[in-house]
Amino acid sequence: PVDIAISYHIIVQQHMPWLEITFHDQGPGLPQNMVDKLFEPYATTKIKGTGLGLAIVKKIIEEHGGDVWAENLNPEGAGIIIRLPLEED
């Protein structure tokens, strides 16, 4: 089993506050050819599964005005970053 670290913080980008949530592990990382395709429908490296899960996640986050992406970490591991806009009071 691979441990997953979850963290969050508020960032300000173009004078707007965003909540950024990160999921990082110390596993083998993502295949380089999948990093940009990971959130596309039917993209999978698994034998079982449809490859729709992360495409659905991306659609929901985008409908809330946010963004999500994946990255490989150095020296090992992978990360998923979710960024959502925060409303100002």
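Read on for an overview of the structure. (Residues numbered from 1 in each chain as written. Predicted model: local features only at pLDDT ≥ 70, side-chain atom pairs only at ≥ 80, totals over all residues. Heavy atoms only, no water.)

### Regarding the overall build of the protein
Alright, step 1. Each helix and strand in the protein was counted, giving one helix and four strands.
Alright, step 2. Starting at the N terminus, the α and β elements of the protein follow one another as β-β-α-β-β.
Alright, step 3. Based on the C-alpha atoms only, the size of the protein along its principal axes is roughly 45 × 30 × 20 Å.
Alright, step 4. The buried share of the protein, taken over its 89 residues, is 28%.
Alright, step 5. When contacts within the protein are restricted to residue pairs at least 6 apart in sequence, long-range pairs at least 24 apart make up 44% of them.
Alright, step 6. A total of about 6700 Å² of accessible surface is found on the protein, and carbon and sulfur atoms cover 57% of it. (Helix = DSSP H or I, 4+ residues; strand = E, 2+ residues; numbered from the N terminus. Buried < 20%, exposed > 50% of the residue type's maximum accessible area, 1.4 Å probe, protein only. Contact = heavy atoms within 4.5 Å. Areas by Shrake-Rupley, 256 points an atom, 1.4 Å probe, with all protein chains shown as cover.)

### Structural notes on the pairing of strand β3 (residues 67-72)
Alright, step 1. Here β3 pairs with strand β4 (residues 78-85) via six bridges, running antiparallel. Pairing of A70 across the sheet is with I80, part of β4.
Alright, step 2. Between β3 and β4, which pair antiparallel in sequence order, lie five residues; one of them, G77, sits at a positive phi of approximately 110°. (Pairing = 2+ DSSP bridges.)

### Things to note about the sheet that holds strand β2 (residues 16-25)
Alright, step 1. The strand order β1-β2-β4-β3 describes an open sheet built from four strands, whose pairing is antiparallel. The sheet terminates laterally at β1 (4-13) and β3, the two strands that pair on one side only. Here the strands of the sheet are splayed against their neighbours by 20° on average, with no regard to which way each runs.
Alright, step 2. Relative to the sheet, helix α1 (residues 53-63) contacts β3 and β4, its axis offset from that of β3 by approximately 135°. (Axes fitted to C-alpha atoms, helices over the stretch in contact; angles between N-to-C directions.)

### Description of the nonpolar core
Alright, step 1. By size, the foremost hydrophobic cluster in this structure holds nine residues: I21, M34, L38, F39, A43, I61, V68, A70 and I82.
Alright, step 2. Discounting chain neighbours no more than four positions away, the residues touching F39 are L54, A55, K58, V68, W69, A70 and I80. (Core = buried A, V, L, I, M, F, W, Y, C linked by side-chain atoms within 4.5 Å.)

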